[in-house]
Amino acid sequence: MLGGAGLLLAAAPAQAAEVAYKTECIPPSISGLPPVEGTTKVEITAPAEAKVGDEVEVVWKTTQAASNNPDVLDLDKDTVKPTGTVKVGGAQTADLAVEGTRSNPPIKKNSPMVLSDMKGKIKLTAPGEVTLTPDKYNINVSKPISTDTKCSPKEAVKPGATIKVTDAGGATTGGLPTGLPTGLPTGLPTGLPTGLPTGSASSTPTGAPSSGSDTGGSGGGKSDFTGKEVQIPYKCKTPIGDKSATSPVQIDAKKDGGNYGLTVQFKKSVMDSPADIPADSVKPSMEVKLGGADKGTVHVEGPTNKEPIKSGEPINIPDLTGTYKPGADGKSTLSPGVLTVKALGTTTTCTPSKTEVSLEIDTAAQPGGAAGGSGSAGGSAGGADTSGGLAETGSSNDGILRALGLVAGTVILLGGAVFTFLPKRRARLR
């Protein structure tokens, strides 16, 4: 029966007929995927009859999506949430927002999308026939990062339901059957960028090779040594293929007794994040290569991002720090080496196709020093545990990295890091 004015109508729903229409869906820019065109099939359910003043519930049920979930990433249970707009026409006009719940079964790659029913309520204000027509809609996927696919009709859409509205107390005419369009197009692309592009906030002019400037006096006191900025071409191995990019890097040192605190800066390479990046999800590290009198490597690392980074906000690699304990007497050189970026459960490793000396310093061998060592034998990192709580990449994670690494436009993946060269403000991973 019909509820009173201002109350949610609980009458029997009008019959819902399936409505189909051509739709274009725009995947998130980070996916690198082109727009998808397909047929959406929807059923809209609403009361067949009602009175002015009644508040009625409208239900949008997607019976067929226009495309499958792309061959990028399996979607976990309860990660997909649809929202949409129903055009209200006839006796009254409005845009009715409808919203579904984040409830879905696991959705495999290349399998049909499954979307929850979307619901909304509208108060009827005028007598006559009120039509309900499905319009644009959005699909949000919450993992591994939040992304949206936006879909809109590409042709005129027929009403999915009609409500016959009478004045309060007046006779109610037979309700209009409601053919219902519906289906949701698009598989959800998405993913996260990964990683860390780069640039350190401080900028040191490119100097001569690198004996650095000694500002701390002589003897065993502390001294600051500034390296020169060098251009390092990196070749990166990722689950989505080989990537390459050149990045400016500078190595500085501060002497403390017989040891040196190292700071590695990535400079001038800034990007706008193509998607929201959760806090504590990205961690960079490097093996600084030793040469000259000394041999081996020194492990340096940076912190994870302590705060989330919003989509469109510039990000850059933080300074990487570690301790160098010399293993030989003489002039020793330090050059950028292998870069590793761990992000959202994946690991990408980038190796210089060639490297260049950024800093040269006079060293005296220390017990347990680096000479001839490999891996992290040359020093201990000044940061936290390099694992950062992020697992190494295995075959099971390939899909995640692939999803995160699919970035459109003039973007280069470097060590799980995406670079676009934009002279904007920087938001450090802090």
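Heads up: these notes are all about the structure in this document.

What counts and what doesn't
Residue numbers restart at each chain and count upward from 1, following the sequence in its written direction. Side-chain atom pairs in this predicted model are given and counted only at pLDDT of 80 or more, local residue features only at pLDDT of at least 70, and totals for whole chains, interfaces and linings cover all residues. Only hydrogens and water are removed before side-chain values are computed, so all heavy atoms of the structure are retained for them. Under the scheme used here, helices are H or I runs from DSSP no shorter than 4 residues and strands are E runs no shorter than 2 residues, and both carry numbers assigned from the N terminus. Each residue is placed in one exposure class: buried if its accessible area under a 1.4 Å probe, protein chains only, is under 20% of its type's maximum, exposed if it is over 50%, and partly exposed if it falls in between. Cysteine sulfur atoms are paired as a disulfide whenever they come within 2.5 Å of each other. Between Lys or Arg on one side and Asp or Glu on the other, a salt bridge is scored when a side-chain nitrogen of the former is within 4 Å of a carboxyl oxygen of the latter. We call two N or O atoms a polar contact when they sit within 3.5 Å, provided that within protein one can donate a hydrogen and the other can accept it, with sequence-adjacent residues counted only if both atoms are side-chain atoms. A pair of strands is treated as paired once DSSP finds two or more bridges between them. By nonpolar core we mean a set of buried residues, namely Ala, Val, Leu, Ile, Met, Phe, Trp, Tyr and Cys, connected to one another through side-chain atoms within 4.5 Å. The criterion used for residue contact is that any of the two residues' heavy atoms lie within 4.5 Å. Classification of ring pairs uses Phe, Tyr and Trp, with its six-membered ring standing for Trp, and accepts pairs whose centres are within 6.5 Å; under 30 degrees between planes counts as stacked, over 60 as edge-to-face, and the remaining range as tilted.

## A closer look at unusual backbone geometry
Phase 1: Residue Pro144 is bonded to the preceding Lys143 through a cis peptide linkage, with omega at 0°.
Phase 2: Following the sequence through the fold, Pro144 ends up in the loop between strand E8 (128–141) and strand E9 (147–153).
Phase 3: In this model, Asp280 sits at a positive phi of 55°, which is unusual for a non-glycine residue.
Phase 4: Its location among the elements puts Asp280 in the loop between strand E16 (271–272) and strand E17 (282–292).
Phase 5: Residue class for Asp280 comes out partly exposed when judged on its relative accessible area of 44%.

## Some details on the state of the cysteines
Phase 1: Applying the stated criterion across every chain yields a total of two disulfides.
Phase 2: The disulfide partner of Cys25 is Cys151, and the S-S distance across this bridge is 2.2 Å. Looking down the S-S bond of the Cys25 and Cys151 bridge, the torsion is 115°, so its handedness is right-handed. Within this pair, whereas Cys25 is found in strand E1 (residues 16–26), its partner Cys151 is found in strand E9, the two being separated by 126 residues in sequence. Across the pair, Cys151 and Cys25 agree in class, each one buried.
Phase 3: Across the disulfide, Cys236 is cross-linked to Cys350 (sulfur-sulfur distance 1.9 Å). Taking the torsion about the S-S bond as the criterion, the Cys236 to Cys350 disulfide, at about 110°, is right-handed. Of this pair, Cys236 sits in strand E13 (residues 230–238) while Cys350 sits in strand E23 (residues 346–352), and the two are 114 residues apart along the sequence.

## Remarks on the pattern of salt bridges
A side chain of one charge can pair with a side chain of the opposite charge if their charged atoms are brought near each other.
Phase 1: Under the defined criterion, the tally for this structure stands at eleven salt bridges.
Phase 2: Taking the shortest distance from any N to any O, the salt bridge between Lys61 and Asp117 comes out at 3.8 Å. With a gap of 56 residues between them, Lys61 in strand E4 (residues 55–64) and Asp117 in the loop between strand E6 (94–99) and strand E7 (118–123) connect regions that are remote in the sequence.
Phase 3: A relative accessible area of 30% places Asp117 in the partly exposed class.

## Some words on the side chain of Lys228
Phase 1: When you line up the elements, Lys228 lands in the loop between strand E12 (224–225) and E13.
Phase 2: For Lys228, the side chain forms a polar contact with the side chain of Glu356, separated by 2.9 Å.

## Focus: the pairing of E9
Phase 1: Where E1 and E9 come together, four bridges link them in antiparallel fashion. Directly across from Thr23, in E9, lies its bridge partner Pro153.
Phase 2: Pairing of E8 with E9 involves five bridges; the strand directions are antiparallel. Across the sheet, the residue bridging to Val141 is Thr147, located in E9.

## What to know about the nonpolar core
Phase 1: Trp60, Val80, Leu132 and Ile163 are the most contacted members of the largest nonpolar core, which totals 33 residues.
Phase 2: At the level of secondary structure, the elements contributing two or more residues to this core comprise E1, strand E2 (36–45), E4, strand E5 (80–90), E6, E7, E8 and strand E10 (161–166).
Phase 3: For this core, the element with the highest residue contribution is E8, accounting for five residues.

## What about the environment of Gln92?
Phase 1: Its place among the elements puts Gln92 in the loop between E5 and E6.
Phase 2: Of the residues examined, Gln92 reaches a relative accessible area of 9% and is grouped as buried.
Phase 3: In sequence terms Gln92 and Thr131 are 39 residues apart; their C-alpha atoms lie 8.6 Å from each other.
Phase 4: For Gln92, the residues in contact, after removing those within four places along its chain, are Ile122, Lys123, Leu124, Thr125, Ala126 and Val130.
Phase 5: Only 3.3 Å separates the side chain of Gln92 from the backbone oxygen of Lys123, close enough to count as a polar contact.

## A few points about the side chain of Thr363
Phase 1: Position of Thr363 relative to the elements: it lies in strand E24 (residues 359–363).
Phase 2: At a separation of 2.9 Å, a polar atom in the side chain of Thr363 contacts the side chain of Ser332.
Phase 3: In this structure, Thr363 is in contact with Tyr260, Tyr324, Pro326, Ala328, Asp329, Gly330 and Ser332, ignoring residues within four places of it in sequence.

## Concerning the packing of aromatic side chains
Phase 1: In this structure the tally under the stated criterion is three aromatic pairs.
Phase 2: Judged by centre distance (5.7 Å) and plane angle (75°), the rings of Trp60 and Tyr137 are edge-to-face. On the criterion of sequence distance, the pair formed by Trp60 in strand E4 and Tyr137 in strand E8 is long-range, its members being 77 residues apart.
Phase 3: Classification of Tyr137 as buried rests on a relative accessible area of 4%.
Phase 4: Among the aromatic residues, ring-to-ring pairing joins Phe225, Tyr260 and Tyr324 into one connected group.

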